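A look at the structure
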Amino acid sequence: MPDILSVIAKYGYSSLFAALLLEAIGLPIPGALALLAAGAASAAGAMHPALAFGVAIGAMLIGDTALYVTGRHSGWALLGFLCGLSLSPEVCILRSAKWFYKRGRTTLLFAKFLPGVNTMAPPLAGSMHMRASQFLRFDFGGVLFYAIAYGGLGYLFRDVFRMVAGGLQAFSRAVGWVILVGLIGFVC
């Protein structure tokens, strides 16, 4: 597992943008970790906090808007495709739709914090013909809250984050060596 702090520090804003855009469109990328790393890199002086924040907001809004527009034009077909990637597609669609119907527009304010719902909320809003201005307003609020929460935690607790990221990297190396030794022992 690559040290995400090093990746963000090395490639900077472009890696932050890519990670958050890919997460926003539904790929299993740890966007929260990217925001934590960007916050820690900002605290260390490797990134400018305002620029990192702007890049993060922009990436997530672009991804969410793309899903909203696609959901608006394709309706439930996109939702079926996205849920088809999950282990239980029917439950995915029903759970996401129920969540959105029950909580409405406010779902967009906290959807980023809920795995599965974060990807399903924008196309659901589009397929339900939510006004674009209303979608953008609520989505912007949710994206802002998400970026402040995780980026702020990374900024405030950069030393803790660095230790955790370093520990995860050391653990992954140790597991790799154990697997390698086990394979060599199995073959011999």
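Values in this document were obtained by computation on a predicted structure and should not be read as measured data.

Now for a nonpolar patch on the surface. Taken together, the side chains of Leu153, Tyr155, Leu156, Phe157 and Val160 present a nonpolar region at the surface, about 510 Å² in accessible area. Of the residues forming the nonpolar patch, the biggest block, three residues, is contributed by helix 8 (residues 132-156). In this structure, leucine 156 sits in helix 8. Accessibility expressed as a relative area gives 65% for leucine 156, which makes it exposed.

The backbone phi angle of histidine 129 is positive, close to 55°, even though this residue is not glycine. Topologically, histidine 129 is positioned in the loop between helix 7 (117-127) and helix 8.

Turning our eyes to something else, we now look at the side chain of threonine 119. Mapping threonine 119 onto the fold places it in helix 7. Residue threonine 119 is classed as buried on the basis of its relative accessible area, which comes to 11%. A polar contact is formed between the side chain of threonine 119 and the side chain of asparagine 118, at a distance of 3.4 Å.

Turning our eyes to something else, we now look at the packing of helix 2 (residues 31-44) against helix 8. Contact geometry for helix 2 and helix 8: axes closest at 6 Å, N-to-C directions at 50°. Of the possible angle classes, the one that applies to helix 2 and helix 8 is oblique. When the axes of helix 2 and helix 8 are compared, the crossing they make is right-handed. Across from Gly31, Ala32, Leu35, Leu36, Gly39, Ala40, Ser42 and Ala43 in helix 2, the residues of helix 8 making contact are Tyr146, Ala147, Tyr150, Gly151, Leu153, Gly154 and Tyr155. The class makeup of the residues in the contact of helix 2 with helix 8 is ten nonpolar, five polar and no charged.

Counting residues in each nonpolar core, the largest one holds 21 residues, and the members touching the most others are Ile8, Leu16, Leu20, Leu35, Met47, Ala56 and Met60. At the level of secondary structure, the elements contributing two or more residues to this core comprise helix 1 (4-24), helix 2, helix 3 (49-74) and helix 8. Counting residues per element, this core draws most heavily on helix 3, at seven residues. Residue contacts for methionine 47: discarding those within four places in its chain leaves Ile8, Gly12, Tyr13, Leu16, Ala38, Ala41, Ser42 and Ala52.

Quick notes on the rules
Residues numbered from 1 in each chain as written. Predicted model: local features only at pLDDT ≥ 70, side-chain atom pairs only at ≥ 80, totals over all residues. Heavy atoms only, no water. Patch = residues over 30% accessible without salt bridge, like charges linked within 9 Å, V, L, I, M, F, W, Y side chains within 5 Å. Areas by Shrake-Rupley, 256 points an atom, 1.4 Å probe, with all protein chains shown as cover. Salt bridge = Lys/Arg side-chain N within 4 Å of Asp/Glu carboxyl O. Helix = DSSP H or I, 4+ residues; strand = E, 2+ residues; numbered from the N terminus. Buried < 20%, exposed > 50% of the residue type's maximum accessible area, 1.4 Å probe, protein only. Polar contact = N/O pair within 3.5 Å; in protein donor to acceptor, adjacent residues only side chain to side chain. Axes fitted to C-alpha atoms, helices over the stretch in contact; angles between N-to-C directions. Parallel < 35°, antiparallel > 145°, perpendicular 65-115°, else oblique. Left-handed = near helix turned anticlockwise from the far one by under 90°. Contact = heavy atoms within 4.5 Å. Nonpolar A, V, L, I, M, F, W, Y, C, P; charged D, E, K, R; others polar. Core = buried A, V, L, I, M, F, W, Y, C linked by side-chain atoms within 4.5 Å.

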